[in-house]
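One letter stands for each residue in the lines below.
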Amino acid sequence: MIWNETVECMSRDDMRKLQGIRLKQTVERVYHNCEPYRKRMQEKGITPADINDISDIVKLPFTSKQDLRDYYPFGLLSTPMSEIVRLHASSGTTGKPIVVGYTRNDLNLWNEVGARCFSAFGLGKQDVVQVSYGYGLFTGGLGAHGAVETIGGTVIPMSSGNTEKQIMLMRDFGAVGLACTPSYALYLADAMKDSNISREEFKLKVGVFGAEPWTEEMRRELESKLGIKAYDIYGLTEVIGPGVGHECECQNGTHLCEDHFFPEIIDPKTGESLPPGESGELVFSTITKEGMPLLRFRTRDLTCLHYEKCECGRTSVRMSRILGRSDDMLIIRGVNVFPSQVESVICEIEELEPHYFIVVDRINNLDTFEIQVEVKDNFYSDEVSKMIAIKKRIAHRLQSVIGLTPDIKLVEPRSIERSQGKAKRVNDKRKFNS
Ligand code: ADP
Ligand code: ZN
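Throughout this description, residue numbers start from 1 for each chain and increase along the sequence as written. Starting at A for chains and at 1 for ligands, labels are handed out in the order in which the entities are written. Two thresholds apply to this predicted model, a pLDDT of at least 70 for residue-level local features and 80 or more for giving and counting side-chain atom pairs, whereas whole-chain, interface and lining totals are computed over all residues. Water and hydrogen atoms play no part in the side-chain values, which are based on all heavy atoms of the structure.

(A) Representation of the overall build of the chain in the model. Each helix and strand in the chain was counted, giving 12 helices and 21 strands. By the compact-globule yardstick of 22 Å for 434 residues, the chain fits well, its C-alpha radius of gyration being 22 Å. Expressed along its principal axes, the backbone C-alpha trace of the chain runs to roughly 75 × 55 × 40 Å. Buried residues are those whose accessible area, probed at 1.4 Å on protein chains only, stays under 20% of the maximum for their type, while exposed residues exceed 50% and partly exposed ones sit between those limits. Counting every position in the chain, which comprises 434 residues, the buried fraction comes to 56%. Looking at the chain alone, contacts between residues at least 24 apart form 65% of all its contacts between residues at least 6 apart. Calculation of accessible area relied on Shrake-Rupley with a 1.4 Å probe; when residues are assessed, cover is drawn exclusively from the protein chains displayed. Accessible surface for the chain amounts to roughly 19000 Å². Of this, 49% is attributable to carbon and sulfur atoms. With 55 positive and 61 negative side-chain charges, the chain shows a spacing of 2 Å between the two charge centroids. Each helix is a run of H or I in the DSSP string that is no shorter than four residues. Each strand is a run of E no shorter than two, and both are numbered from the N terminus. Between the two quantities, the radius of gyration covers C-alpha atoms and the globule rule is 2.2 Å times the number of residues to the power 0.38. Contacts between residues were defined by any pair of non-hydrogen atoms, one from each residue, lying within 4.5 Å. Charged residues are defined here as Lys and Arg on the positive side and Asp and Glu on the negative side; His and the ends of the chain fall outside this count. Charged side chains are reduced to one point each, which is NZ for Lys, CZ for Arg, CG for Asp and CD for Glu.

(B) Local environment of unusual backbone geometry. A cis geometry characterises the amide bond from Tyr72 onward to Pro73, with omega recorded as -5°. Relative to the assigned elements, Pro73 resides in the loop between helix H4 (65-70) and strand E1 (84-90). You will see that Asn162, though not glycine, has its phi angle at about 60°, which is positive. Along the chain, the position of Asn162 falls in the loop between strand E4 (154-156) and helix H7 (163-172). The class for Asn162 is exposed, based on a relative accessible area of 53%. With a phi angle near 45°, Gln251 is a residue other than glycine that sits in the positive phi range. Along the chain, Gln251 falls in the loop between strand E8 (241-246) and strand E9 (254-256).

(C) Structural detail: the nonpolar core. In this structure, Leu23, Leu60, Tyr234, Val244, Leu256, Phe261 and Phe284 are the most contacted members of the largest nonpolar core, which totals 44 residues. Every element with two or more residues in this core is listed here: helix H2 (12-33), helix H3 (35-43), strand E2 (98-103), helix H5 (104-120), strand E7 (229-236), strand E10 (261-266) and strand E11 (280-286). Take the buried residues of types Ala, Val, Leu, Ile, Met, Phe, Trp, Tyr and Cys, join any two whose side-chain atoms come within 4.5 Å, and each joined set is a nonpolar core. Within the second largest apolar cluster, 27 residues are counted, among which are Ile167, Ala191, Trp214 and Cys347.

(D) Examining the coordination of the zinc ion (ligand 2) more closely. Donor criterion used throughout: N, O or S atom within 2.8 Å of the metal, extended to 3.2 Å for Na, K and Ca. Water excluded; incomplete-looking sites may result. Taken together, Cys248 (SG), His255 (NE2), Cys310 (SG) and Cys312 (SG) make up the protein donors of the zinc ion (ligand 2), found 2.1 to 2.3 Å from the metal. Coordination geometry of the zinc ion (ligand 2): the four donor atoms subtend angles of 103 to 114° at the metal centre, consistent with an arrangement described as tetrahedral. Motif for the zinc ion (ligand 2), donor spacing along one chain: C-x6-H-x54-C-x1-C. For the pair formed by Cys310 and Cys312, the shared burial category is buried. Here a site with four donors is tetrahedral if all angles are between 85 and 135 degrees, and a site with four or six donors is square planar or octahedral if opposite donors are over 155 degrees apart and the other angles are between 65 and 115; anything else gets the irregular label.

(E) Broad picture of the site of ligand 1. One heavy atom suffices: a residue is near a molecule or strand as soon as one of its heavy atoms comes within 4 Å of it. For ligand 1, the set of nearby residues contains 18 residues, the closest of which are Ser91, Asp232, Ile233, Thr237 and Asp301. Polar contacts, as counted here, are pairs of nitrogen or oxygen atoms within 3.5 Å of one another; within protein the pair requires one atom able to donate a hydrogen and one able to accept it, and residues that are adjacent in sequence qualify only if both atoms are side-chain atoms. Backbone polar atom of Glu212 to a nitrogen atom of ligand 1: 3.4 Å apart, as the coordinates give it. With the chains in place, 94% of the 570 Å² that ligand 1 exposes on its own is no longer accessible. Examining the composition of the shell around ligand 1, we find that five residues originate from one element, E7, more than from any other.

(F) Up close: the pairing of strand E19 (residues 366-375). Most of E19 is tucked away: seven of the 10 residues are buried. Across nine bridges, strand E18 (residues 352-363) lies against E19 in antiparallel orientation. Paired with Leu352 across the bridge in E19 is Val375. Counting the residues in the hairpin turn of E18 and E19 gives two residues, including Asn364, whose phi is positive at 50°. Note that E19 and strand E20 (residues 407-411) share five bridges and pair parallel. Each residue of the ladder has a partner; that of Glu370, found in E20, is Asp407. Orient the strands so they point away from the viewer, and a crossover whose first-strand-to-second-strand path over the helix runs clockwise is right-handed. With helix H11 (residues 384-402) bridging E19 and the parallel E20, this β-α-β connection has right-handed handedness. Any two strands with at least two DSSP-identified bridges between them are counted as paired.

(G) Spotlight on the sheet that holds strand E15 (residues 324-325). Reading across the sheet, the four strands line up as E10-E11-E12-E15 and stay open at both edges, with antiparallel pairing between neighbours. Each end of this open sheet is capped by a strand with a single partner; those strands are E10 and E15. Here four bridges tie E11 to strand E12 (residues 297-303), and the two strands are oriented antiparallel to one another. The partner of Glu281 across the bridge, within E12, is Leu302.

(H) Summary view of the pattern of salt bridges. What makes a salt bridge here is a side-chain nitrogen of Lys or Arg within 4 Å of a carboxyl oxygen of Asp or Glu, nothing more. Applying the stated rule across the entire model yields 31 salt bridges. Notably, a salt bridge pairs Arg418 with Asp190, separated by 3.9 Å at the nearest N-O pair. In this pair, Arg418 is assigned in the loop between E20 and strand E21 (426-428) and Asp190 in helix H8 (residues 182-194), connecting sequence segments 228 residues apart. The exposure class of Asp190 is buried, given its relative accessible area of 10%. One network of salt bridges, in which partners are shared, links Asp190, Lys225, Glu353, Glu374 and Arg418.

(I) Local environment of the environment of Ile358. Structurally, Ile358 is set in strand E18. Classification of Ile358 as buried rests on a relative accessible area of 0%. In sequence terms Ile358 and Glu417 are 59 residues apart; their C-alpha atoms lie 12 Å from each other.

Structure below.
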């Protein structure tokens, strides 16, 4: 179902007009209420009078994650603290977290875009949805929670962890939707299998998966293990949280809620805007937020955008699957490698479980590249020749996909650590040894 047809199916021209008006309002807001933005704009020699159309956006300065850290905790707010009704924070890998403040209207806006997502996944008033994203400072739990309430569904505010209880309640409460990270969904799928509760006792139909990169191959894996249809939901704390974008029934890209979050793709090296269809770094400007609007925020997520109308009827721009964050890219022996490329190969090989871990190191000035991966119970064998044959096949496939031959370490089923939130799939020991 389309939650807000007026905007989700608006003509491209009308959308750009609306975006232009909203951008101008946002630029005025930050210019007059947020010192760091005013300074940056003055340095560039621009004032709100220079922004009259959405195409003027390229005149504005970028905002980076580092800016959010530098102005920790509240330096980038554009409203007085008395208007802020909620705070969230993203973990941040190093040092201080990134803090975001929401006004009452911001929370309403978040619920609105969340409702668009869950409606697009076919969920509605009659459905029970288990939210197994973590609740707390992380936006996943409360973001999905607000979305389910807004569409009038019944939310189970489960949070992550406590896997046995998750499964019991999923069955007892008749959850139709499950919202969690793809890696936790995989964990839950295995636990459901072990629980001795038959699949028929669950009503599960729809997976609402996001918060970390996942591949098409992982989607198929999850769909077959859980017997559901799995949809992508995208978001980031700085912009609002989950709900920035969502798939539709066509599953041909992730629609972005661009009447609130204006997307651009830039060349990450030069900062130059790239034309539609080209891959680069995703940049967002929030054009309706009050508490902490962001202008041209560099996400570091790598993807591309498509503007053709979708068969579902929506006209909103669609984003391709995220290859990864630029920070997640490994450079091994001079070759760029994303964990998602490894994932797609592993999920294609029948004998393997989709659980893997990548270890990179530098020994005698040479990069080492090891992939640990679980072999399915029924294929795990003491026969060396059988295991060698599987290893060879993986190495061969990886060589043709990424151009590198890793050392493959086949491990027993269930030996790789499971994740209840965002999976950690890489240990790059070079970071500490160099
Ligand atoms: P943190 O930065 O601490 O991980 P966030 O929860 O704000 O905190 O993370 C947002 C990031 O998670 C996005 O920028 C993106 O890299 C990743 N992400 C979120 N949803 C998806 C998705 N559906 N597909 C791929 N990556 C995603
Ligand atoms: Zn669509």
